[in-house]
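Results of the structural survey
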Amino acid sequence: MALAWAGLPTLAQAQADPADPLPAPVLRSTPMLQERIPEAARPLQPVYVRGDSIAGQADVRAVIDGHAELRRSDTIVRANRMEYTVADDRLQAEGQVHINRAGNVFDGNRLDLEVDAFRGNFTDANYRFLATQAHGDASQVEFLDRERSIVYNATYTTCQRDNEASWQPDWMLKADSIHLDQGEQVGYARGAKLQFKGVTVLPIPVVSFPLSDQRKSGLLPLTIGLDNVSGFEYTQPYYWNLAPNRDATLSSTLMTKRGVNLGAEFRYLEPTYQGKVRLDYMPGDRLRDRDRWAYKLQHQGQIASPWGGLGLNLNLNRVSDNNYWRDFTRRDTDRTLNSRLLPSDAILSWGGQDTSLMLRTLKLQTLQDVASPIMPPYDRMPQLQWRYTPLNLGGGLDLTVEADTTRFEADPLLTRQVNAQRSYLMAELSRPFLSPGAFFTPKLKLHATQYQFDNPLSNGMTSSGRTLPTVSLDSGLIFERETALFGRSLLQTLEPRAFYTYTPYRAQNMLPVYDTALNDFNLATIYSDNSYSGHDRLADNNLLTLGLTTRFIDADTGAESARFGVAQRVRFSDQRVTLPGEVPATDRLSDILFGASVNWTPQWALDAAVQYNRETGHSERTTVGARYSPGNYRTISAAYRLQRGTSEQVDVGWQWPIRNPWATEDKGRDGGRWYSVGRLNYSLQDRKLVDTVVGFEYDSCCWVGRVVLERLQSSVTTSNTRLLFQVEFVGFSRLSLGANPLQSLKDNIPRYQALRQTTATPSRFSNYD
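This structure is a prediction, so every number in the text was calculated from the model and none was measured.

Let us now look at the overall build of the protein chain. When helices and strands are tallied, the protein chain shows 4 helices and 44 strands. Partitioning the contacts of the protein chain with sequence separation of at least 6, the portion at a separation of at least 24 is 46%. Of the accessible surface of the protein chain, which amounts to about 41000 Å², a share of 57% is contributed by carbon and sulfur atoms.

And the structure:
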């Protein structure tokens, strides 16, 4: 039997006229190359049959003997013998029957199938699914339609068979029946039991499990824990896939010493808004003899209109009492509710082409501890801000105007300051002069502030005002040259920079501090015109900052391979404006800042920052970090942090294979591989470990085991210690003891990768035959 491609000459024609070139083939799209063939196109697909011998009547019936094969759309059937009836689209096959349905494979002895509807029966069959490579055996497979089937007296596992006749999977689900729904990508097993290493670990009358990594409704892996505060803990979550853009998770936790905690989380995602709501409620907690509760609401939304975009952002957090953060430390899904400072923030914003408006309310809940009290921040009840930034001002000028009025409220007995209404108007005008090798930017800023206090200050003032100008000049040069280092072609830059700023002195020490703090001193903030964030202090600056940066850029890729920088500030007059408790600076020369970042190869990275005091000859602050990541599931990071007189710490994190540790590929993982994981944070000053996370992972071909010891510092004198254990049956479920160790590893180890993490869904053409 021969096939000819339409539109191309035959071989005889090409040989008869070799001077004429073959016409270029024209490519066109076809539904046959799509992952899912459209339903409207399926009835139009022809049926192809072939074999050693074919008998019957065209368009009526065909009988194929020997190496029989039938193809239609994304379905392929092979057998020793088959009979196909055209009228009812029915196929009967026997002897080494093989089915490939969109990459999912079935093998058995006898098949009776309606081909297009994919409805029928298959006896003594085994199967393998493309998405998860899960497979199993069954006494009978009943095909209900193209998406659904039922396997009877079935097994299910993702362990891959080896060539040994005595092979048994490490884990296996045995069931009286398994309903497989490829459309929903979920399986439902009845009369099931889960076996691990030949031992039944969990009898399950009814269970559902995923056939891919898509979301599905059903019970999530349970968690079991034990500690001296809550006693034995059992947590069972349930996932509810409401819609492609909405879902909910319900959970209940039994604590033998305390009671039952109920939790719920609802998430939604729309084209113009998204968010989630979380609720927790524990009636009659025997630990505190009261009801405990917590809620969290997050929402981000944007509405477009001809007059600009209108946005609404909500971040609301509240708990029942001051001890909530210490009594519910095992919540792994949302650590915000475990902090001692809980914001409830609502922002209504509008943005046009040049103008934006914002209305904000911020109220904070401060959880107090007698041993370690916190000064509560001020609430903003409310804040109204207007900002104007014209895009086309002309003359190369840049202008920004910002007006703000905020009501600051807090308990005066705790803050020892009065509440107030603060309003300010700030205008910035600059004119950048740019060229390929240089830049120069003069800037003029005017800042006017007005306070109205609820009660008189200690000097009797009920109101106060302040208006200050600031002038700054920012300039720099950029030199380039071609060079080579270690056999690599590089482009090296040399970038000197000078920044001058001047702000006259105004007495401000009597003003309360509502939202202001001292900026961190680093290579970014050293080029700023104010040493403070917020608007309660405007530094009296008369400063010149000089800096030098050099970069090495890969000539082939344009990637930055290394950067080195140094900067120092020159002070022409003593500092007079300070925050409460701050010592004014009088040195004419500041500490010298050094910075380096090296990414010479994708595997290595180095970052360093040093604040050097030239008078003492020591660094005031030092941070040095290095990372080595040669491949998947291999990463080592180390950091040294010094804050002279305050802290000195070493931080090390890693994920690394133990067997054949220096191999850059995962050869032999199907035979099992051990990994060491952990993070150690050690205080050199206190000579003790602050945070400790150490453990092991074992990656078999179809299951992953994890055991982790976690000790995290919760306060100066207390810490939380727990032992976490988990067995993950790949493609099926996870069983955890003592909370989720996978979440702990992700939170604590930089660049940690979950073993057997799926990166892409395989194509049906990857299993095409």
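Moving on, we come to the confidence of the model for the protein chain. In the predicted model, the protein chain carries a mean pLDDT of 86, and 89% of its residues have values of at least 70. Contacts from residues 1-18, a stretch scored under 50 in pLDDT, to residues over four places away or in other chains number 4 contacts.

Turning our attention to the state of the cysteines. Tallied over the entire structure, the rule returns 1 disulfide. In this model Cys-159 forms its disulfide with Cys-702; the gap between the sulfur atoms is 1.8 Å. For the disulfide bridge between Cys-159 and Cys-702, the dihedral angle about the S-S bond is near 60 degrees, and by the sign convention the bridge is right-handed. Here Cys-159 is found in the loop between strand S9 (148-156) and strand S10 (171-181), whereas its partner Cys-702 is found in the loop between strand S41 (688-699) and strand S42 (703-713), with 543 residues between them in sequence.

Here the focus is a nonpolar patch on the surface. On the surface, a nonpolar cluster with roughly 660 Å² of combined accessible area is contributed by Ile-303, Leu-310, Leu-312, Leu-348, Leu-357, Leu-359, Leu-384 and Trp-386. Mapped onto the elements of the fold, Leu-348 is located in strand S21 (residues 341-351).

Moving on to the pattern of salt bridges. With the rule as written, the count across this model stands at 45 salt bridges. Connected through shared salt-bridge partners, Arg-258, Asp-285, Arg-288, Arg-292, Asp-321 and Asp-327 make up one network.

Time to look at the packing of aromatic side chains. Across all of its chains, the model carries 27 aromatic pairs by this definition. With a centroid separation of 6.1 Å and an interplanar angle of 10 degrees, the aromatic rings of Trp-293 and Tyr-295 are classed as stacked. Trp-293 sits in the partly exposed class, given a relative accessible area of 33%. By relative accessible area, Tyr-295 is classed as partly exposed at 31%. On the numbers, 4.8 Å between centres and 80 degrees between planes, the contact of Tyr-378 with Tyr-514 is edge-to-face. One end of the pair, Tyr-378, is in the loop between strand S22 (355-366) and strand S23 (379-388); the other, Tyr-514, is in the loop between strand S30 (488-502) and strand S31 (517-518), and 136 residues separate them in sequence.

Another aspect to go through is the nonpolar core. Judged by nonpolar contacts, the single largest core of 50 residues is most densely connected at Met-82, Leu-111, Phe-122, Phe-143, Tyr-156, Trp-171 and Ile-178. Once you skip the residues sitting within four places of it in the chain, Phe-143 turns out to touch Ile-99, Phe-106, Leu-111, Leu-113, Phe-118, Arg-119, Gly-120, Phe-122, Arg-148 and Ser-149.

What follows covers the environment of Thr-405. Residue position: Thr-405 is located in strand S24 (residues 398-409). Residue classification places Thr-405 among the partly exposed positions, given a relative accessible area of 26%. With 22 residues separating them in the primary sequence, Thr-405 and Gln-383 have C-alpha atoms 5.9 Å apart. Within the structure, Thr-405 has its side chain in polar contact with the side chain of Gln-421 (distance 2.6 Å).

With that settled, the discussion passes to the environment of Leu-180. Looking at where Leu-180 falls in the secondary structure, it is placed in strand S10. Under the relative-accessibility criterion, Leu-180 is labelled buried at 0%. Once residues within four sequence positions are removed from consideration, Leu-180 is found in contact with Phe-129, Glu-147, Arg-148, Ser-149, Val-151, Val-186, Gly-187 and Leu-211.

We now examine unusual backbone geometry. Of note, the amide linkage connecting Met-381 to Pro-382 takes the cis form, showing an omega dihedral of -5 degrees. Note that Pro-382 resides in strand S23. Of note, Ala-102 is a non-glycine position whose phi angle comes to about 55 degrees, a positive value. Here Ala-102 lies in the loop between strand S5 (90-101) and strand S6 (104-114). With relative accessibility at 24%, the residue Ala-102 sits in the partly exposed group. The backbone phi angle of Arg-751 is positive, close to 65 degrees, even though this residue is not glycine. Tracing the sequence through the fold places Arg-751 in the segment after helix H4 (741-748).

With 8 bridges joining them, strand S7 (residues 119-128) and strand S8 (residues 135-143) adopt antiparallel strand pairing. Counted as the bridge partner of Thr-123 is Gln-140 from S8. The hairpin formed by S7 and S8 contains 6 residues between the paired strands, and Gln-133 there has a positive phi angle of roughly 60 degrees. Direction of pairing for S8 relative to S9: antiparallel, over a ladder of 4 bridges. Bridge pairing links Phe-143 to Ser-149 in S9.

Residues in a regular strand point their side chains to alternate faces of the sheet. Here strand S34 (residues 560-571) pairs with strand S35 (residues 592-598) via 6 bridges, running antiparallel. Following the sheet pairing, Ala-567 is matched in S35 by Leu-593. Once S35 ends, the chain turns through 5 residues before running back antiparallel as strand S36 (residues 604-613).

For the rest of this paragraph, the subject is H4. Buried within H4 we find Pro-741, Leu-742, Ser-744, Leu-745 and Asn-748. Buried residues in H4, looked at end-on, bunch into an arc of 160 degrees, giving them a common side. For H4, the secondary structure elements touched by its buried residues are strand S40 (673-683), S41, S42, strand S43 (719-729) and strand S44 (733-737).

A few words on the side chain of Asn-541. Structurally, the position occupied by Asn-541 is in the loop between strand S32 (532-533) and strand S33 (542-554). Assessed through its relative accessible area of 2%, Asn-541 is described here as buried. Looking at Asn-541, its side chain comes within polar contact range of the main-chain oxygen of Asp-529, at 3.0 Å.

Moving on, we come to the side chain of Arg-679. For Arg-679, the position within the fold is in strand S40. A distance of 2.9 Å separates the side chain of Arg-679 from the side chain of Asp-651, its partner in a polar contact. What Arg-679 contacts, discounting residues up to four positions off in sequence, is Asp-651, Val-652, Gly-653, Trp-654, Asp-691, Thr-692, Val-693, Asn-748 and Ile-749.

Attention shifts here to the environment of Glu-710. Counting through the fold element by element, Glu-710 comes out in strand S42. Residues Glu-710 and Leu-745, spaced 35 residues apart in sequence, show a C-alpha to C-alpha distance of 9.6 Å. Contact partners of Glu-710, with chain neighbours within four places excluded, come to Thr-692, Val-693, Asn-720, Thr-721, Arg-722, Leu-724, Ser-744 and Asn-748. A polar contact of 2.5 Å, which involves the side chain of Glu-710, links it to the side chain of Ser-744.

Thresholds, definitions, all that
Residues numbered from 1 in each chain as written. Predicted model: local features only at pLDDT ≥ 70, side-chain atom pairs only at ≥ 80, totals over all residues. Heavy atoms only, no water. Helix = DSSP H or I, 4+ residues; strand = E, 2+ residues; numbered from the N terminus. Contact = heavy atoms within 4.5 Å. Areas by Shrake-Rupley, 256 points an atom, 1.4 Å probe, with all protein chains shown as cover. pLDDT = per-residue confidence, 0-100. Disulfide = S-S within 2.5 Å. Patch = residues over 30% accessible without salt bridge, like charges linked within 9 Å, V, L, I, M, F, W, Y side chains within 5 Å. Salt bridge = Lys/Arg side-chain N within 4 Å of Asp/Glu carboxyl O. Phe/Tyr/Trp six-rings, centres within 6.5 Å; stacked < 30°, edge-to-face > 60°. Buried < 20%, exposed > 50% of the residue type's maximum accessible area, 1.4 Å probe, protein only. Core = buried A, V, L, I, M, F, W, Y, C linked by side-chain atoms within 4.5 Å. Polar contact = N/O pair within 3.5 Å; in protein donor to acceptor, adjacent residues only side chain to side chain. Pairing = 2+ DSSP bridges. Arc of directions from axis to C-beta.

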